[in-house]
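Listed below are the residues making up each chain.
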Amino acid sequence: MPGLIVAAPASGSGKTTVTLGLLRALARHGERVRGAKSGPDYIDPRFHEAACGQACVNLDAWAMPELRIQALAAGTDPLIVEGAMGLFDGAPPDGKGSSADLARLLGLPVLLVIDAARMAQSVAALVNGFLAHDPSLTFAGVILNRVGSLRHDGMLRQALAPLAVPILGSIPREAALVHPSRHLGLVQASERPDLDTFIEGAADLIETHLDLEALRDAMKRAPSRPATKTHRIPPPGQVIAIASDAAFAFAYPHILSDWRDSGAEIRPFSPLANDPVPTAEMVILPGGYPELQAGKLASNALFMESLRSSKALIYGECGGYMVLGDTLTDAEGTTHRMAGHLRLRTSFAERRLHLGYRRLSARAGPFQGRFSAHEFHYATTLSAEGTPLFEATDAEGHALSAMGLINGRISGSFAHLIDILP
């Protein structure tokens, strides 16, 4: 499996722009190339798919067993993995699940993106520290990002010369290539009318300022790995209806693939388009941004009435969980009536960050057993009454309050399931 991991010392260094530019630049030349994202992320993978036209997977070195990661990554087309946070940043206490863990597991070289906007000679100390920190890692080279001028570029290169690390490119500052953001991260790919223009701009930068031939050579050095068989998350029903639109976009492709491979039928529908809930054994409302569409969802009578009258098992994750509750208060303080299946009231008018990996043990519900999961939301729970769905611990094994609710055939929680735990 040829490829590399695009990493950086910290978030905000330009990994996403470099990754998208590389994917599109190589695709422009008729090369088949794949994207992947390290860790739990629903936003960046859709940008990767738009950039290269191939499916993008999440590779999570904390939440997934090695065989799962290797099976998802396996293939003959080059794999460009976008790292998360800084190269060695992962879950507490020891950073497990970092991009460095993924690089070691897959044997991929690291392409280190340095935000050089506010430094000169100090770049050498920074890069030297990353090169020396873990001798088991291989580095394809360095990309200098947000370089201010030719003089600035010369200073950076002179400082790095004694390290003998390949400098594969120097990218100037480009304010036009900044992602717009919101409280949960970047705006979704489907919400950007200028998406292709944005990706084309990133590819132009890469083709102009990077040594693509050297990058191709670095990817060829990665060891090839055969495809491996792995466990699957069993489907919760033979026919599964899944909400899928801008309000409910956070579904992991590897889980949907597990269910399809097991013979289940997936029936997508759009609550924002006022689609009725399809006939199915199981209805899933994934996470997304329902708080931005709460008024529209509440007024979409066909969707809401079909959700209230459905006899199927119904499960909600994060945003979907909130829609199954009694009310959702948006950021402006307006309270909207939701489905009323669970005694749950949530609010974005009172925001507090909930973030981290979770280990879950199901008390009941459609997903039996133990799961790795992730929680990331700003919603405040005003009230939650009823039977909890999961026992939960954090990444360090500390016990947390029980998560979610179950009311007969209706259940959900703020946690996003990632994989089965042994």
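Computed from a predicted structure; not experimentally measured.

Observations concerning the packing of aromatic side chains
Logical step 1: Scanning the model with the defined rule gives 11 aromatic pairs in all.
Logical step 2: For the pair F367 and F371, a centre-to-centre distance of 6.4 Å together with 85° between the ring planes defines the contact as edge-to-face.
Logical step 3: Classification of F367 by relative accessible area gives buried; the value is 6%.
Logical step 4: A relative accessible area of 4% places F371 in the buried class.
Logical step 5: Through a chain of ring-to-ring contacts, three or more aromatic side chains come together here, namely Y42, F250, Y252 and Y289.
Logical step 6: Between the NZ or CZ atom of R351 and the centre of the ring of Y378, over which it lies, the distance is 4.6 Å.

Comments concerning the sheet that holds strand 16 (residues 343-347)
Logical step 1: Ordered in space as 15-14-16-19, the four strands form an open sheet in which the pairing is mixed. The open sheet terminates on both sides in strands that have one partner only, identified here as strand 15 (335-337) and strand 19 (380-385). Put simply, the sheet's adjacent strands are angled 15° from each other on average, direction ignored.

Considering the pattern of salt bridges
Logical step 1: Here the structure, examined in full by the defined rule, presents 24 salt bridges.
Logical step 2: Note that E200 and R24 form a salt bridge whose closest N and O atoms lie 2.6 Å from each other. Residue E200 is found in helix 7 (residues 195-209), and its partner R24 is found in helix 1 (residues 15-28); the two are separated by 176 residues along the sequence.
Logical step 3: For E200, a relative accessible area of 27% translates into the label partly exposed.
Logical step 4: Judged by its relative accessible area of 10%, R24 falls in the buried class.

The rules behind these values
Residues numbered from 1 in each chain as written. Predicted model: local features only at pLDDT ≥ 70, side-chain atom pairs only at ≥ 80, totals over all residues. Heavy atoms only, no water. Phe/Tyr/Trp six-rings, centres within 6.5 Å; stacked < 30°, edge-to-face > 60°. Buried < 20%, exposed > 50% of the residue type's maximum accessible area, 1.4 Å probe, protein only. Lys NZ or Arg CZ within 6 Å of the ring centre and 35° of its normal. Pairing = 2+ DSSP bridges. Helix = DSSP H or I, 4+ residues; strand = E, 2+ residues; numbered from the N terminus. Axes fitted to C-alpha atoms, helices over the stretch in contact; angles between N-to-C directions. Salt bridge = Lys/Arg side-chain N within 4 Å of Asp/Glu carboxyl O.

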